[in-house]
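Fold and contact review
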Amino acid sequence: MQALRNAGTVLLALALGGGAFAEEDGIWSPHDQFHEPNGDCELVAVLPAPKGAWGVVGHTCNRLNGEPVGSVVVIDALGQRDTSPASVALEAASDRDRMKELVQLLAVPSGGYIATYHSRDAKAPQGESGPASIAHALVRHTAAGAQADAFNRKVREALLEKVGASSFIITAEVDAKSRLIVAASTPDESYLKQVPLWLLRFTPDGAIDRAVRFDSVLKGLGLGWFELNQVRARADGGLFLSGRFEPEGERAEIPILALDARWKPDARFNTPLLSWLMKGEDGMELSLIAPRPDGSVIGVGEVGQGGKRAHVVRLTPKGRLDPAYKTFQQEGEFPQGRFMRVPQMGLGPNGTLVLAQNNIPAVDPPEGPWRGPGLVRLKADGSVDARFQQGLGAGLRYRKAAAEAKRNPEVAGFLRMVAAMPDGSVVVDGLFDELAGQPVTSPLRLAADGTRVQGFQARFETVLPPKKQVPNATTSAFFKADGKSHFIECTRPGAMTETFLYWMQEDSWGHNPSCALHLGGSVATPAGAWQHCDARVRRAQAQGATCVETKQDPLDVRGRGSREP
């Protein structure tokens, strides 16, 4: 969703500001840019397809090769839509509602797929935990493509009963026995989570097989939880969980824990790990994990031990660093040297891993350690796959940002997704436009030897309906324009007070005059042109709010506010 990696906070402010309000209210300003084509188009996952097709793609776009598409679509080996009956049925049954955004797509070993969706409805429960968005809906598809209505209903009812009406899904997993595993919680704004964290397992027909309050498990270990990244099933029926688990009264962080087959703390793994990390001499941060059949687990992030750093490690079933694993370190200063941002590791055949580097250079890096090609494939023993790396050559670049990178060296492209397929090929999606000196488009398919698969063309995009552009208003329906700033305060029982600030100055998006939204504290969020705030005031009134003009600037009341629009 980001144009450049270092523009993320700017786009977030715009998402909350004029562009988002304009889209909601049917008002379009010449300066609203957030909803530009492809502004919210990205691939979430590429999974192996049933026999006869090649890949199942989950995405947040609405076009594939120029044609309307569902959020889940089956493609052939060259990126074209597969037209077999099951493939067509799966796409038809997938969600096309633009108010929902795909978060995860999981394969079910017994057949079919499970998709989770994040609601864009402002009234949906809000929360955050790991790197991915939380999900508000879960849909299972049968092997024939249709939605498994009975299963989906049972899961919804279980979440409502066990977790509550405001529940959301942090992450989901499917084990080798086709059982769905869900981590779910409820909204909480405190730094150290004080809300329930449920782990639920469902049988293939949707019945609850197991339910555990993981926050209670953590408490028994003397830990709290700040962030849960991933839940991964172990071969013995247990779980590995990655995140940020914080010891009470200690500054250390525990990045991974294990539960045994009964979903009780696995002392064999946890005790040595906690003993090591609680000393505070070394540190470990893991964003991605991958359990292995022998009970070990691969971790991607950053690990420090004895003055040495590593970015990919293997932990044994006894919670210790595996000395037999060729620990991988990508040279370079933070953040270039770390593999953190994609939501999944590319798990390939024969125990291989494909890792996505944080940044894709806009210009050729100088001589030295920071010359990463964007992707690194490791063999099962942790050593670099030289054949794959040789095929990549100079690797990926984002030449479109080259001019900006000369002014700001931190500007770079990035990868959103990396998927390793059973045939050894790799699909990557992100912000790049060159591979080994040749122009390319995203997504890109690489062969098992790291070279580009010629002819692969899966052009995903978001195409928006035309909007009538409306100039910035200089008058408001709620006060007489007099060349001064005005403030409209909307209150409703049991809800946060919203104050709309009609400013005379221009904001950073070009709206002049501009408006902002104040919900409390010392900062107001840019909200577009005056007509955007007028529309929001009308909506608040329609929802029962009392809106009146106030002479007091809410930021001046606090004496410490930021008035930057």
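Position labels on residues start from 1 in each chain and follow its written sequence. Side-chain atom pairs in this predicted model are given and counted only at pLDDT of 80 or more, local residue features only at pLDDT of at least 70, and totals for whole chains, interfaces and linings cover all residues. Excluding hydrogens and water, the side-chain values take into account all heavy atoms of the structure.

Focus: the state of the cysteines
By definition, a disulfide links the sulfur atoms of two cysteine residues through a covalent bond. For this text, the term disulfide refers to a pair of cysteine sulfurs within 2.5 Å. In this structure the tally under the stated criterion is three disulfides. There is a disulfide in this structure between Cys 515 and Cys 533, and the S-S distance comes to 2.4 Å. Every disulfide takes its handedness from the sign of the S-S torsion; for Cys 515 and Cys 533 that torsion is 90°, giving right-handed. Placement of the pair is Cys 515 in strand S32 (residues 514-518) and Cys 533 in helix H9 (residues 530-542), with a sequence separation of 18 residues. Its relative accessible area of 1% is what places Cys 515 among the buried residues. In the protein chain, numbering the disulfide-bonded cysteines from first to last in sequence yields the connectivity 1-2, 3-6, 4-5. Numbered from the N terminus, helices here are DSSP runs of H or I no shorter than four residues, and strands are runs of E no shorter than two. The cut-offs for exposure are 20% and 50% of the maximum accessible area for each residue type, with area from a 1.4 Å probe on protein chains only; residues under the lower value are buried, those over the upper are exposed, and the others partly exposed.

Thoughts on a positive patch on the surface
Residues Arg 268, Lys 279, Lys 318 and Arg 320 make up a contiguous surface patch of positive charge. In this structure, Arg 268 sits in helix H6 (residues 267-277). Surface patches are defined over residues having more than 30% relative accessible area and no salt bridge, joining like charges when they lie within 9 Å and nonpolar side chains (Val, Leu, Ile, Met, Phe, Trp, Tyr) when within 5 Å. Here, Shrake-Rupley sampling with a 1.4 Å probe gives the accessible areas, and only protein chains in the shown set may cover a residue. We define a salt bridge as a contact between a side-chain nitrogen of Lys or Arg and a carboxyl oxygen of Asp or Glu at a distance within 4 Å. Asp and Glu count as negative and Lys and Arg as positive, but His and the ends of the chain are not part of the count. Charge positions are represented by NZ for Lys, CZ for Arg, CG for Asp and CD for Glu.

A short note on the nonpolar core
Leu 199, Phe 214, Leu 228, Leu 241, Phe 245 and Ile 256 are the most contacted members of the largest nonpolar core, which totals 40 residues. Ranked by size, the runner-up nonpolar core spans 37 residues in total, among them Leu 288, Leu 353, Leu 378 and Phe 388. Residue types Ala, Val, Leu, Ile, Met, Phe, Trp, Tyr and Cys, when buried and joined through side-chain atoms within 4.5 Å, form a set referred to as a nonpolar core.

Re the packing of aromatic side chains
Given two aromatic rings, one states the distance between the centres and the angle between the planes to describe the pair. Each pair of aromatic rings taken from Phe, Tyr and Trp, with Trp reduced to its six-membered ring, is defined by centres within 6.5 Å and is described as stacked if the planes are under 30 degrees apart, edge-to-face if over 60, and tilted in the remaining cases. All told, the structure shown has six aromatic pairs when counted by the stated rule. Pairing Phe 214 with Phe 245 gives two aromatic rings, centres 6.0 Å apart and planes at 75°, and the pair type is edge-to-face. Taken together, the positions of Phe 214 in helix H5 (residues 214-220) and Phe 245 in strand S14 (residues 239-247) put the pair 31 residues apart, joining distant regions of the chain. The same class applies to Phe 214 as to Phe 245, namely buried. Ring geometry for Phe 240 and Phe 269: centres 5.2 Å apart, planes at 65°, overall edge-to-face. Taken together, the positions of Phe 240 in strand S14 and Phe 269 in helix H6 put the pair 29 residues apart, joining distant regions of the chain. Since its relative accessible area comes to 1%, Phe 240 is described here as buried.

Thoughts on the sheet that holds strand S2 (residues 55-59)
Between any two strands, pairing holds if DSSP finds at least two bridges. Read from one edge to the other, the open sheet built from three strands follows the order S1-S2-S5, with strand pairing classed as antiparallel. Only two strands of the sheet have a single partner each, and these edge strands are strand S1 (43-48) and strand S5 (72-75). Neighbour-to-neighbour, the strand axes of this sheet turn through a mean angle of 25°, independent of strand direction. Relative to S5, S2 runs antiparallel, the two sharing four bridges. Along S5, the bridge assignment pairs Val 57 with Val 73. Helix-sheet contacts for helix H3 (residues 85-93) involve S2 and S5, and the interaxial angle to S5 is about 160°. Only the stretch in contact is used when fitting a helix axis, every axis being a line fitted to C-alpha atoms; angles between N-to-C directions are given from 0 to 180 degrees. Any two residues whose heavy atoms approach within 4.5 Å at even a single point are treated as in contact.

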